[in-house]
Amino acid sequence: MKKFRPALTLPPTIVIYRSSSIVKAVAMPADFALSLQDLAPIAQGTTTPQAMAETVLLAREADRLGYTRLWYAEHHGMPSIASSVPEILIGSAAAATKDIRVGSGGVMLLNHAPLRIAEAYRTLEALHPGRIDLGLGRAPGGDGYAMRALRSGGGEEFSAYLAELMAFDEEGFPADHPFSRVPVSPGGIRLPPKWLLGSSGASAAAAGQIGFGYAFAAHFSHTPAAPAFAAYREAFQRSEHFPEPRTILCLSVICAPTEDEAKFLSASQAVNWARFVTGEQRQLTSPEEALAHKLTPQQQQVIDHQSSLWLVGSPERMAEVITEKAKAAGADEVMVTTTIHSYALRRRSYALLAEALGIAGR
């Protein structure tokens, strides 16, 4: 593990949230649930098997700390991310934990035949009853080349794919439909609770109308979440798994004992994101290498645009900021994603947040 070197010059565009003048010495329990998303990052200098082993270590730590749920997002063609097949990671994490819910955040439905998703998540629900979530998104999870390789459907087909998935699960095809003859295996089990993922608010009302949970990707979207959550609640119709509306606000957070260390660690995320957006895909670099990288003007613009969404700071301040954002959005739950080069320090970040928000051990 590389040592923290606060003397290094830090990029001025990385936003840091400084502690307020008065900080409570004892953490107060948050009035919202706290969850996490794991993209299974592959840090430079490590191997893919090491990254996979880390997903289990993080799952066990999150379970011990009292996080509500752990989700994996489907991504393709990205050297820095190993979460291309969420259902395998879900099964591995669920087998290694006891209480935490584990699911997809999300499955990119247009990349798959709906029957295949119905089979996979019924299998997971049968193996781990009451602990699986099925989060669904319309984004491809990769670039145009990955979409072609996956035979991904177009965005306009999402509603049809979703209707087909629900019909398979509910045996809702008309008798004269050819798929009515296709029994979903395994039988005798239903899909776990379903969530719709959004980043613009366009799908919020639809999620409410069909009685799904709704998660908003504020960790990469500048669109305010509050109007989307309001539209979702206004349109909500109760369902088997959701007698009441349920919202998740997804945030990007890096937490360390001091503000300077948190900002130092955040350099990896900032520079890798800028490189990714400008076509320089690579494994997650260390903060030292990130700080030594000479940004192009375009990469600097990427960081300037995105940095306001990256919450970086001490545990006390991060607890304050997360609580403020959850309250402003009207979120029932906050899901945190953390990008740090060191796996141990990433686990520490989640532990510091759990303690600061008062969920650890409860």
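Everything quoted here is computed from the prediction, not taken from an experiment.

Visitor: Help me understand the pattern of salt bridges in this model?
Guide: If charged atoms from side chains of opposite charge come close, those side chains can pair. Applying the stated rule across the entire model yields 17 salt bridges. Ionic pairing is found between R69 and E333, a salt bridge with its closest N-O pair at 2.6 Å. Remark: E333 occurs in strand β9 (residues 333-337) and R69 occurs in strand β2 (residues 69-72); sequence separation between them is 264 residues. Residue E333 is classed as buried on the basis of its relative accessible area of 0%.

Visitor: When you look at helix α8 (residues 259-277) in this model, what are you seeing that I'm missing?
Guide: Side chains of residues three or four places apart in an α-helix project in the same direction, reflecting 3.6 residues per turn. Compared with an ideal rise of 1.5 Å per residue, which puts 19 residues at 27 Å, α8 spans 27 Å between its outermost C-alpha atoms and is within 8% of the ideal. If you look at α8, its biggest bend is around 30 degrees, right at S266. Judged by how many residues are buried, α8 sits mostly within the fold: 15 of 19 residues are covered. Following α8 by one or two positions, G279 adopts a phi angle in the positive range, close to 90 degrees.

Visitor: Sorry if this is basic, but what is going on with the pairing of strand β1 (residues 33-38) here?
Guide: Sheet faces and side chains relate simply in a regular strand, where the side chains alternate between the two faces. Across the 6 residues that make up β1, a large majority, 6, are buried. Covered by surrounding structure in β1 are A33, S35 and Q37 together with L34, L36 and D38, the residues of both alternating faces. Where β1 lies against β9, 5 bridges are found, and the strand directions are parallel. Opposite Q37, over in β9, you have T337 as the bridge partner. Bridge count for β1 against β2 is 3 bridges, and the pairing is parallel. Within the sheet, the bridge partner assigned to L36 lies in β2 and is L70.

Visitor: Explanation requested: the packing of aromatic side chains in the structure shown.
Guide: Ring pairs (aromatic) are described by centroid distance and by the angle formed between their planes. Evaluated as defined, the whole model comprises 11 aromatic pairs. Look at W71 and W195: their rings are 5.6 Å apart centre to centre, the planes differ by 75 degrees, and that puts the pair in the edge-to-face class. Within this pair, whereas W71 is found in strand β2, its partner W195 is found in strand β5 (residues 194-198), the two being separated by 124 residues in sequence. The buried category is assigned to W71, whose relative accessible area is 1%. Owing to a relative accessible area of 2%, W195 belongs among the buried residues under this scheme. Look at Y232 and F236: their rings are 5.8 Å apart centre to centre, the planes differ by 70 degrees, and that puts the pair in the edge-to-face class. The two residues Y232 and F236 agree in class, both being buried. Joined through ring pairs, the aromatic side chains of Y214, F216, F229, Y232 and F236 make up one cluster.

Visitor: Any chance you could explain a nonpolar patch on the surface here in plain terms?
Guide: On the surface, a cluster of nonpolar side chains totalling about 240 Å² of accessible area is made up of W273, F276 and V277. Residue position: V277 is located in helix α8. By relative accessible area, which is 41% here, V277 ends up partly exposed.

What counts, and at which threshold
Residues numbered from 1 in each chain as written. Predicted model: local features only at pLDDT ≥ 70, side-chain atom pairs only at ≥ 80, totals over all residues. Heavy atoms only, no water. Salt bridge = Lys/Arg side-chain N within 4 Å of Asp/Glu carboxyl O. Helix = DSSP H or I, 4+ residues; strand = E, 2+ residues; numbered from the N terminus. Buried < 20%, exposed > 50% of the residue type's maximum accessible area, 1.4 Å probe, protein only. Expected span 1.5 Å × (residues − 1). Bend = angle between axes of the 7 residues up to and from the residue. Pairing = 2+ DSSP bridges. Phe/Tyr/Trp six-rings, centres within 6.5 Å; stacked < 30°, edge-to-face > 60°. Patch = residues over 30% accessible without salt bridge, like charges linked within 9 Å, V, L, I, M, F, W, Y side chains within 5 Å. Areas by Shrake-Rupley, 256 points an atom, 1.4 Å probe, with all protein chains shown as cover.

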